[in-house]
Amino acid sequence: MAPQRRGTAASRGKRATPVLLTPASTKSGGNSFDLRITDRFGNPAQGSEVVVEPAMPQMGHALAPITAAALEPGHYQVGADLFMAGQWEITVSFDTERVVIPLLLT
Amino acid sequence: MKQRVAILLLVLGALLGFAAPVLADAAQAGGDVHIGQTLGDRDLTVIIRRVAEVPGPVHVDVVTHAGSPPGEITLTARAAGAPSSAAKVVLGAVPGFHSGVVHVDRPGPWELAIDEATIPFVVPAIVPSPWENATYGGFIAAGVLLLVALLFAVSGKPVLALVPTAGMVAAAAVAVTAALLAPSIPPVAAPGTQLDPTYDNIMNPYQRTSIVDFSRPPVNLVPRMEGKDLVLSLTDGSTGRPVDDLLVHDSAFIHLVVVSPSGNLRHLHPVRTAPGEYRARLRDPEQGTHAIAAEIARRGGGVQLLRSSVDVSGAASVVPNDGKADVATEIREAGRPSTITARFGERNLQPWLGMLGHMIVVGPVTDGPVSAPIWAHVHSMIPPTPGMPDQPDESVAAYGPDVPFTYSFPLPGRYLVWIQVERDYSIVTVPAVVDVPGAKEVSAK
Ligand SMILES: [Cu+2]
């Protein structure tokens, strides 16, 4: 199956920061996310540390935050072991932004 | 005509092969029930194993923990109108599994009594769903009609064979439709988890009710001391009547955490002694006002945390929680996920209450746990094993050695933290203190 692309935009005040998260897999288990983060002008986000915080609200369970590796400006990669099937919430945080992206794993 | 029959036969074979996994998916049976019970001076885990046939035996495992005095307990299975069945179980001095067998003679709401504690449980009836009946009935009818058509065909009456052939197609269509629709039919409300279990709704579980919202009102908790026992009275927040519909949630009816004035933690699982009344013994208590929090789930959904406090008369000082582990923390500012990892050295931890570890968080503490605004219960999970529907029980001592927790402390300040795991049938409680800094920047959320 082709990886699904999931995008969402965080808006805070006048700023809107699109984050595009593409999971390598939609199955539970070892996974990796490709992250594209752009600023409000559409340019790749620069410099800041990007941290991914996976959680499963229905289970009342959060995983330890993982710092994403920068491949190039605005482009990040991070691996995560999402060991259960079900509805996950992936919070991507950078600067003072926190973007929550839902991810359903089968 | 014979050729057409052969083709239909092939089609039918293909349909059956397609429908089979759908049916396997639709048939679900109940599993084992694990329930923590703080019964007198003992901390027990009671496991009511899946009831395979009715009438038939119910296997009950009683797991004792370190420090549990040896002795004898009586298991009794009771139901309205049914003969009760009792078994004595001798608990040895060595902690571990002790088994007993009681008998049930009918499906329905039952009660397992262990001395003065009572555990309500449901013995399900094996009732095929209407769509299973349609599927099986359709395929059986199709098979019979196929035989009739074949008989007509081989006896040289091909035109007559058309009639049963048409019937067979219709019957197969019914069966396939039922099989295909079954996964999309919403499940009925389950007696015992959403509905109050009765003999009637257990025998007829596919009857639909008009209820849409199963959730129930909040619960009022009133604690009191009765001798050495902490007695909890639970009443409905809307009617004032006793609350007697608690579900087994994370392997207990009530997860009761009691924190003494000096910061000593007990994690107990009170036993039900009457409708709306639960009790747990506080062994060798400390003098003073204790903070208590009870985690419960009512039938119909939703977990509630009930906080209160109770005055206890006891000794001026007690033995503090003395569990040992190497605790590594990575504390972030309030509102961001912090991680706390307890390293226990050896891979011999047992699941306790279905989890690898529990972490209780109380804080920020300014003038004691009673007034702390935050009270949390964090889990470290055992990853599910594919193909193992039942949770591993305490006999599996193969987990750890590292027990990680992730929690976002909501407020800056000093928190009391206790990490609990099970090893050698003994609950290990490791106390720690965590200081959480404020947010570096004011983050608008
Ligand atoms: Cu508990």
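Residues numbered from 1 in each chain as written. Chains lettered and ligands numbered in written order. Predicted model: local features only at pLDDT ≥ 70, side-chain atom pairs only at ≥ 80, totals over all residues. Heavy atoms only, no water.

**Overview of the UniProt feature "domain: YtkA-like" (unreviewed entry) in chain A**
If you check UniProt for "domain: YtkA-like" (unreviewed entry), the listed places come out as residues 20-92 of chain A in our numbering. Helix makes up 0% of residues 20-92 of chain A and strand makes up 58%, while its end C-alpha atoms are separated by 10 Å. (UniProt positions renumbered as here; feature names shortened; annotations may be inferred. Helix = DSSP H or I, 4+ residues; strand = E, 2+ residues; numbered from the N terminus.)

**Quick look at unusual backbone geometry**
Residue and element names in this part refer to chain B. With an omega dihedral of -5 degrees, the bond running from Val 54 to Pro 55 counts as a cis peptide bond. A cis geometry characterises the amide bond from Gly 363 onward to Pro 364, with omega recorded as -15 degrees. Considering the arrangement of structural elements, one finds Pro 364 in the loop between β19 (357-363) and β20 (374-380). Unlike most non-glycine residues, Asp 115 shows phi in positive territory, near 50 degrees. Mapped onto the fold, Asp 115 is located in the loop between β7 (108-114) and β8 (117-123).

**Concerning the coordination of the copper ion**
Residue and element names in this part refer to chain B. Coordination of the copper ion by the protein comes from His 255 (ND1), His 267 (NE2) and His 269 (NE2), over a distance range of 1.8 to 2.2 Å. Counting the intervening residues between successive donors of the copper ion yields the motif H-x11-H-x1-H. A residue pair is termed long-range when its members are at least 10 positions apart, and His 255 in strand β11 (residues 255-259) and His 269 in the loop between β12 (265-268) and β13 (271-274) qualify at 14 residues. Neither His 255 nor His 269 differs from the other in exposure class; each is buried. (Donors = N, O, S within 2.8 Å, 3.2 Å for Na, K, Ca; no water. Buried < 20%, exposed > 50% of the residue type's maximum accessible area, 1.4 Å probe, protein only.)

**Let's talk about the sheet that holds strand β6 (residues 97-104) of chain B**
Residues and elements named next belong to chain B. The strand order across the open sheet built from four strands is β1-β2-β3-β6, with neighbouring strands paired in antiparallel fashion. Each of the sheet's edge strands pairs with one partner strand only, and the pair in question is β1 (33-39) and β6. Across the sheet, the mean angle from the axis of one strand to that of its neighbour is 25 degrees, orientation sign disregarded. Where strand β2 (residues 42-48) and strand β3 (residues 56-64) come together, five bridges link them in antiparallel fashion. Bridging from a neighbouring strand, Ile 47 pairs with Asp 61 of β3. (Pairing = 2+ DSSP bridges. Axes fitted to C-alpha atoms, helices over the stretch in contact; angles between N-to-C directions.)

**Considerations on the pattern of salt bridges**
All names here are of chain B. The final tally for this structure, using the stated rule, is 23 salt bridges over all chains. Measuring nitrogen to oxygen at the nearest pair gives 2.9 Å for the salt bridge that ties Arg 281 to Asp 229. Of this pair, Arg 281 sits in strand β14 (residues 277-281) while Asp 229 sits in strand β10 (residues 229-236), and the two are 52 residues apart along the sequence. Given a relative accessible area of 22%, Arg 281 falls into the partly exposed group. Since its relative accessible area comes to 9%, Asp 229 is described here as buried. (Salt bridge = Lys/Arg side-chain N within 4 Å of Asp/Glu carboxyl O.)

**Observations regarding the confidence of the model for chain A**
All names here are of chain A. Per-residue pLDDT for chain A has a mean of 81; in total, 84% of the residues score no lower than 70. In the model of chain A, strand β1 (residues 6-12) stands out as the element of lowest mean pLDDT, 46, in contrast to strand β6 (residues 66-67), which has the highest, 93. Every residue in residues 1-5 is under pLDDT 50, and counting partners more than four places away or in other chains gives 11 contacts. For residues 8-14, every residue scores under 50 in pLDDT, and the model assigns this stretch 18 contacts once sequence neighbours within four places are set aside. (pLDDT = per-residue confidence, 0-100. Contact = heavy atoms within 4.5 Å.)

**Overview of the environment of Trp 375 of chain B**
All names here are of chain B. Within the element layout of this structure, Trp 375 appears in strand β20. Distance in space between the C-alpha atoms of Trp 375 and Ala 315 is 26 Å, their sequence separation being 60 residues. With residues near it in sequence (within four places) discarded, Trp 375 still touches Val 257, Val 259, Ala 291, Ile 292, Ala 293, Leu 305, Arg 307, Ile 360, Val 361, Val 362 and Pro 369.

**Observations regarding empty space enclosed by the protein**
By rolling a water-sized probe across the atoms, one finds the places where empty space is left. Residues and elements named next belong to chain B. Applying the stated rule across the entire model yields three cavities of 30 Å³ or more. Each pocket or cavity is described by its volume, and for the largest cavity that value is around 80 Å³. Around the largest cavity, the lining comprises 12 residues; the ones closest to its centre are His 34, Thr 45, Leu 353, Gly 354 and Glu 394. Taken together, the residues of the lining of the largest cavity sort by class into four nonpolar, six polar and two charged. Shared between two domains, the lining of the largest cavity takes at least three residues from each, and those domains are domain 2 (33-123) and domain 4 (326-443). Of the pockets and cavities examined, the second largest cavity occupies roughly 50 Å³. Thr 38, Gly 40, Glu 116, Asp 229, Val 271, Arg 279, Ala 280 and Arg 281 together form the lining of the second largest cavity. Ranked by the residues each element gives to the lining of the second largest cavity, the list is headed by β14, at three residues. Grouping the amino acids of the lining of the second largest cavity by side-chain chemistry returns two nonpolar, two polar and four charged. Shared between two domains, the lining of the second largest cavity takes at least three residues from each, and those domains are domain 2 (33-123) and domain 3 (219-312). (1 Å grid on protein atoms, 1.4 Å probe; cavity = no way out; pocket = protein on both sides within 12 Å on 5 of 7 lines; lining within 4 Å. Points joined across faces, edges and corners; volume = space filled by probe spheres on them. Nonpolar A, V, L, I, M, F, W, Y, C, P; charged D, E, K, R; others polar. Domains from an automatic or database assignment.)

**A short note on the nonpolar core**
In globular proteins that are soluble, nonpolar side chains generally tend to be buried together. Counting residues in hydrophobic clusters, the biggest one holds 48 residues, and the most contacted among them are Leu 75, Leu 112, Leu 234, Ile 254 and Leu 256 of chain B. In terms of residue count, the dominant contributor to this core is β8 of chain B (four residues). Residues lining this core come from more than one domain, with at least three contributed by each of domain 2 (33-123) and domain 3 (219-312) of chain B. Not counting residues up to four positions away in its chain, the partners in contact with Leu 112 of chain B are Val 46, Ile 48, Val 60, Leu 75, Thr 76, Ala 77, Val 102, Ala 117, Thr 118, Ile 119 and Phe 121 of chain B. With 27 residues, the next largest nonpolar core counts Leu 21, Ala 45 and Met 56 of chain A together with Met 355 of chain B among its residues. (Core = buried A, V, L, I, M, F, W, Y, C linked by side-chain atoms within 4.5 Å.)

**What to know about the interface of chain B and chain A**
Facing the 13 residues of chain B at the interface are 14 residues of chain A. Buried area between chain B and chain A, both sides added, is near 1,200 Å², and the carbon and sulfur share of it is 62%. Together, Arg 336, Met 381 and Thr 406 of chain B form the three largest contributors to the area buried by chain B at its contact with chain A, with a combined 38%. The salt bridge involving Glu 53 of chain A is made with Arg 336 of chain B; its shortest N-O contact spans 2.7 Å. Counting across the interface, chain B meets chain A through four residue pairs in polar contact (both at pLDDT 80 or more). When residues of the side of chain B that touches chain A are traced back to their parent elements, those giving at least two are β18 (337-343) and β20 of chain B. (Buried area = accessible area lost by both parts, 1.4 Å probe. Polar contact = N/O pair within 3.5 Å; in protein donor to acceptor, adjacent residues only side chain to side chain.)

**Overview of the packing of aromatic side chains**
All names here are of chain B. Scanning the model with the defined rule gives four aromatic pairs over all chains in all. Where Tyr 407 meets Phe 409, the ring centres are 5.0 Å apart and the plane angle is 90 degrees; that geometry is what we call edge-to-face. Summarising the burial analysis for this pair, Tyr 407 and Phe 409 share the class buried. Their ring planes at 55 degrees and their centres at 4.7 Å tell us that Phe 409 and Tyr 415 sit as a pair that is tilted. In this structure Tyr 415 comes out as buried when scored by relative accessible area, which is 0%. In textbook terms, an aromatic cluster arises when at least three aromatic residues are bridged by ring pairs, as seen for Tyr 407, Phe 409 and Tyr 415. (Phe/Tyr/Trp six-rings, centres within 6.5 Å; stacked < 30°, edge-to-face > 60°.)

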